[in-house]
Amino acid sequence: MNVPFVDLETQYDRLRPEIDDAIQCVIDDTAFVRGPYVSDFEEEYADAYGVDHCIGVANGTDAIYIVLRMLGIGPGDEVITVANSWISTSETIGQTGAKPVFVDIEPDYYNIAVDQIAEKITEDTKAIIPVHLFGQAAEIDAVMEIASAHDLYVIEDTAQAHFAEYDGQHVGTFGIAGTFSFYPGKNLGAYGDAGAIVTNHDELARRCRMFSDHGASEKHDHEIEGINSRLDGIQAAVLSAKLPHILEWNRRRNENARQYTELLRDVPGITPPPVRPNASHVFHLYVIRVDEGRDDLQDFLENRGISTSIHYPKALPFLKAYEHRNHKPSEFPVAHDYQDRILSLPMYPEMNEEMIKYVASSIRKWTEQFYTKERR
Ligand SMILES: *Cc1c(COP(=O)(O)O)cnc(C)c1O
């Protein structure tokens, strides 16, 4: 059996009339950049998310950069973030001229180790960017407490956690702003690059919108130098067509995760991902931890037609891009240890029970072989 890592084709097959119609409308109306399809989606997303403002931008990376810039963060400043994430989270800090300061991850939930944030705060610290990684909420109330005690902004990187909740509240709505990616493979994905910023702060919303459109609030009225990071009409229309399905898709992902966890719970050397008790997980990724032999397991699964992936093979402080910082494994022991143990299994709403059983039984088969070989 073949189990791909993601399957955007099946999703398209099921939504074909809506998606095709959405795209055709944008072309018929030649509403390619910004325009009514973009403002409709922004309104729908803000409503669904329960926030005052949604600003569509070109991608999820720009979303972070724009918020940082419009909060006045730049050279000489420090921004605290987490050691395991996609590089967008830290590169955008660098793009402003500020310095990313990394914090290790918590051993169970893979998110920022909140108890280690305070020791990284200096007089130059301006903000914290927690990431709700893999679709699971970071311990955001504790992050907010530390931030308010030290007068820091919190920007939530919500690229992997659309509609996940912490204490019944959507992640991305705790800090001054939440940023989203609608990259095709994300839980809510466009048909190209797309992103958004959500916030309840009127003035920040106005400034982000302006900055993302060449610094102009009205055409030709450029208040500041900005950038070109606009959401395009086709992406917005595709997102509007998909938005009504997101909660059902997240529910399906949870059901898949429940089945995986049930089947993997007692497999020796394998740790399925636990869900934080007061939070909901939207399983953008289903990441297991393998005590020993992770790469061997990955090859074994590949040979059985199962595609897996690693998020991420190198934690941020150990990337070549940060070599000049001379970070040592002992500074981020958990992130460093886990980069050789984590494995992301196939996960998407369209998976069926048979596929999940096949993946889980293949893992069980591998452990049986691997541990017998080891003991001999
Ligand atoms: C995908 C992702 C981003 C960036 O989104 P793009 O739309 O690809 O620019 C940022 N942060 C995290 C954690 C992501 O997974």
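J.: Please explain the site of the ligand as it appears in this structure.
T.: With respect to spatial proximity, 14 residues lie near the ligand, and among them Gly60, Thr61, Asp157, Ser181 and Lys186 are the closest. Residue Gly60 places a main-chain N or O atom 2.8 Å away from an oxygen atom belonging to the ligand. Relative to its unbound accessible surface of 380 Å², the ligand loses 92% to contact with the protein. Those elements that provide at least two residues to the shell around the ligand are α3 (60-70) and α4 (88-95). Here the residues of the shell around the ligand are counted per class, giving four nonpolar, eight polar and two charged.

J.: Got a minute to help me understand a negative patch on the surface in this structure?
T.: A cluster of acidic side chains, namely Asp40, Glu43, Glu44 and Asp47, defines a negative patch on the protein surface. As for its position among the elements, Glu44 is in helix α2 (residues 36-49).

J.: Please clarify how the sheet that holds strand β14 (residues 342-345) should be interpreted in this entry.
T.: Note on sheets: strands pair through backbone hydrogen bonds, and any given pair is parallel or antiparallel. The three strands are arranged β12-β13-β14 in an open sheet whose pairing can be described as antiparallel. Bordering the open sheet on either side are β12 (270-271) and β14, each of which pairs with just one other strand. Where strand β13 (residues 286-290) and β14 come together, four bridges link them in antiparallel fashion. Paired with Val287 across the strands is Ser344, a residue of β14. Each of β12, β13 and β14 is contacted by helix α8 (residues 246-264), which is oriented at about 15 degrees to β13, the strand it contacts most. Taken strand by strand, helix α9 (residues 294-303) contacts β12, β13 and β14, and its axis lies near 20 degrees from that of β14.

J.: Where do I start with the domain arrangement of the protein in this structure?
T.: Segmentation of the protein into domains returns domain 1 (8-244) and domain 2 (245-375). For domain 1 and domain 2, the distance between their C-alpha centres works out to 25 Å. At the junction of the two partners, domain 1 supplies 50 residues and domain 2 supplies 39 residues. For the pair domain 1 and domain 2, the summed buried surface comes to about 3800 Å²; carbon and sulfur atoms form 56% of the total. Viewed at the interface, domain 2 and domain 1 are joined by one salt bridge. For Glu106, the salt bridge goes to Arg276, with nearest N and O atoms at 2.5 Å. Taken together, the links from domain 1 to domain 2 amount to 26 residue pairs in polar contact (both at pLDDT 80 or more). For the side of domain 1 that touches domain 2, the secondary structure elements donating two or more residues are α1 (8-28), α4, β3 (99-103), β6 (165-166) and α7 (233-242).

J.: Got a minute to help me understand the nonpolar core in this structure?
T.: Soluble globular proteins tend to pack their nonpolar side chains together in the buried interior. Judged by nonpolar contacts, the single largest core of 105 residues is most densely connected at Tyr45, Ile117, Phe182, Ile288 and Leu345. If you tally residues by element for this core, the top one is helix α11 (residues 353-375), at nine residues. Residue-level mapping places this core at the junction of two domains, with at least three residues from each of domain 1 (8-244) and domain 2 (245-375). Not counting the four nearest positions on each side in its chain, Ile117 is found in contact with Ile80, Val103, Ile112, Ile128, Val143 and Ile146. Of all hydrophobic cores here, the second largest spans 23 residues; its members include Val57, Tyr65, Leu68 and Ile73.

J.: It is not clear to me how the sheet that holds strand β8 (residues 177-181) should be interpreted in this structure. Could you clarify?
T.: The strand order β1-β9-β8-β5-β4-β2-β3 describes an open sheet built from seven strands, whose pairing is mixed. Lying at the two open borders of the sheet, with one neighbouring strand each, are β1 (53-57) and β3. Here the average twist between neighbouring strands, direction ignored, is 25 degrees. Summarising the sheet, strand β2 (residues 78-82) and β3 pair through five bridges and their orientation is parallel. Within β3, the position partnered with Val79 by the bridge is Pro100. Sitting on the sheet, α2 touches β1, β8 and β9 (195-199), and the angle it makes with β1 is about 135 degrees.

Definitions and limits used
Residues numbered from 1 in each chain as written. Predicted model: local features only at pLDDT ≥ 70, side-chain atom pairs only at ≥ 80, totals over all residues. Heavy atoms only, no water. Near = heavy atom within 4 Å. Polar contact = N/O pair within 3.5 Å; in protein donor to acceptor, adjacent residues only side chain to side chain. Areas by Shrake-Rupley, 256 points an atom, 1.4 Å probe, with all protein chains shown as cover. Helix = DSSP H or I, 4+ residues; strand = E, 2+ residues; numbered from the N terminus. Nonpolar A, V, L, I, M, F, W, Y, C, P; charged D, E, K, R; others polar. Patch = residues over 30% accessible without salt bridge, like charges linked within 9 Å, V, L, I, M, F, W, Y side chains within 5 Å. Salt bridge = Lys/Arg side-chain N within 4 Å of Asp/Glu carboxyl O. Lys, Arg positive; Asp, Glu negative; His and termini not counted. Charge placed at Lys NZ, Arg CZ, Asp CG, Glu CD. Pairing = 2+ DSSP bridges. Contact = heavy atoms within 4.5 Å. Axes fitted to C-alpha atoms, helices over the stretch in contact; angles between N-to-C directions. Domains from an automatic or database assignment. Buried area = accessible area lost by both parts, 1.4 Å probe. Core = buried A, V, L, I, M, F, W, Y, C linked by side-chain atoms within 4.5 Å. Buried < 20%, exposed > 50% of the residue type's maximum accessible area, 1.4 Å probe, protein only.

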